[in-house]
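Below, each chain spelled out in residue letters.
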Amino acid sequence: MARRALTTTATTLAAALLLGACGGGGDSPDDIKGADKGSGSPSATAAADDAGPDLSLPSDLKVEFDGTKPSDAQHAAALENAENYILALNHGITAQDPKDPAYQFYSLGSAAKYAQTQIQAYVDGEWTATGTDSYYQAKTDDVASSGGVLVTMCRDQGKFYGKNVKTEKVKYTKPSLNDYQEFRLLMKPPQGDQKIWKVLQIEVQGRVQECKR
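Described below are features of the structure shown in this document. Remember, it's a predicted structure, so these values are computed and weren't measured experimentally.

This paragraph deals with the pattern of salt bridges. In the structure shown here, the tally under the stated rule is 7 salt bridges. A salt bridge links Lys69 to Glu83; the shortest N-O distance between them is 2.8 Å. Separated by 14 residues along the polypeptide, Lys69 in the loop between strand S2 (61-66) and helix H2 (73-95) and Glu83 in helix H2 bring together distant segments of the chain. Residue Glu83 is classed as buried on the basis of its relative accessible area, which comes to 10%. A salt bridge links Lys166 to Glu126; its shortest N-O distance comes to 3.1 Å. Within this pair, whereas Lys166 is found in the loop between strand S4 (148-164) and strand S5 (170-171), its partner Glu126 is found in the loop between helix H4 (109-124) and strand S3 (127-143), the two being separated by 40 residues in sequence. Through salt bridges that share partners, Glu182, Arg184 and Glu203 make up one connected network.

Printed below as a string of structure tokens:
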């Protein structure tokens with residue numbers, strides 16, 4: 001894992017960060033790759049102590065992050081909370097709670113909407129998650145002069161399955177390129193009394209050949 005300069009593909013996310021810092025922005029779930037359609041925004045971020053919300057998962061679900069932390073303290077903090085956001089998303093899925101406090105603690109704007117709509121899709125389909133959700137090849141980028149950080153990582157969901165909440169039957173899938181995704185998470189630095197980095201926007205690209213391992 002290495003600190004990198006902002007790439008051209010990140011410029012739209014940089015613009016979103018700058019807009020968000022000014023109090024603007026009008027992103028919807030439909031603007032985010034990989035997001036399901038949902039109904040409205042989640043409630044305001046839940047209050048939590050400095051230790052953060054509960055991110056525990058059932059014993060049959062593991063979320064793995066493989067890589068070396070950046071030497072830069074700001075990048076390391078941004079990456080840590082990008083990972084916490086992903087853990088929170090899985091926590092919300094297994095808790096079957098589209099307004100779970102965990103993802104609300106670690107996200108804002110489009111990223112909060114994304115988490116809500118993903119969790120809602122699981123709830124509506126009567127599915128939860130089981131298996132192993134793997135993330136690796138993480139990279140961090142400075143985002144122009146905004147102070148933000150873009151976190152990019154690969155995902156392998158080849159051993160990540162849906163499980164029916166009523167029958168507990170697991171829906172196994174065959175390995176394919178569909179298992180490999182690339183996540184781009186735009187991290188907003190702490191503002192005012194806020195003490196942590198939060199995910200402002202997320203983009204998910206599917207069938208990424210470069211993420212195969």
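Looking now at H4. Under the 1.5 Å per step criterion, the end-to-end length of H4 is 22 Å for 16 residues, consistent within 8% with the ideal 22 Å. If you check which residues of H4 are buried, you get Ser110, Ala111, Ala112, Lys113, Tyr114, Ala115, Gln116, Thr117, Gln118 and Ile119. Packed against the buried residues of H4 are H2, helix H3 (101-106) and strand S7 (198-206).

Let us now look at the side chain of Lys198. Locating Lys198 in the fold gives a position in strand S7. Residue class for Lys198 comes out buried when judged on its relative accessible area of 9%. At a separation of 3.3 Å, a polar atom in the side chain of Lys198 contacts the main-chain carbonyl oxygen of Phe105.

Further remarks concern the pairing of S7. Most of S7 is tucked away, with 7 of its 9 residues classed as buried. Two strands pair when backbone bridges link them, and strand S6 (residues 180-188) and S7 are joined in this way by 8 bridges, in the antiparallel orientation. Its bridge partner being in S7, Arg184 is matched across the sheet by Glu203.

Let's shift gears to the packing of H2 against H4. Interhelical geometry of H2 versus H4 gives an angle of 30 degrees and a closest axis separation of 9 Å. Classified by the interaxial angle, the pair formed by H2 and H4 is roughly parallel. Seen along the crossing, H2 lies across H4 with a hand that is right-handed. Seen from H2, the contacting residues are Tyr85, Leu89, Gly92 and Ile93; seen from H4, they are Ala111, Tyr114, Ala115, Gln118, Ile119 and Tyr122. Residues belonging to the contact of H2 with H4 are distributed by class as follows: 8 nonpolar, 2 polar and no charged.

Parameters and conventions
- Residues numbered from 1 in each chain as written.
- Predicted model: local features only at pLDDT ≥ 70, side-chain atom pairs only at ≥ 80, totals over all residues.
- Heavy atoms only, no water.
- Salt bridge = Lys/Arg side-chain N within 4 Å of Asp/Glu carboxyl O.
- Helix = DSSP H or I, 4+ residues; strand = E, 2+ residues; numbered from the N terminus.
- Buried < 20%, exposed > 50% of the residue type's maximum accessible area, 1.4 Å probe, protein only.
- Expected span 1.5 Å × (residues − 1).
- Contact = heavy atoms within 4.5 Å.
- Polar contact = N/O pair within 3.5 Å; in protein donor to acceptor, adjacent residues only side chain to side chain.
- Pairing = 2+ DSSP bridges.
- Axes fitted to C-alpha atoms, helices over the stretch in contact; angles between N-to-C directions.
- Parallel < 35°, antiparallel > 145°, perpendicular 65-115°, else oblique.
- Left-handed = near helix turned anticlockwise from the far one by under 90°.
- Nonpolar A, V, L, I, M, F, W, Y, C, P; charged D, E, K, R; others polar.

Note that every value here comes from positions in space, so none of it alone points to a role or purpose.
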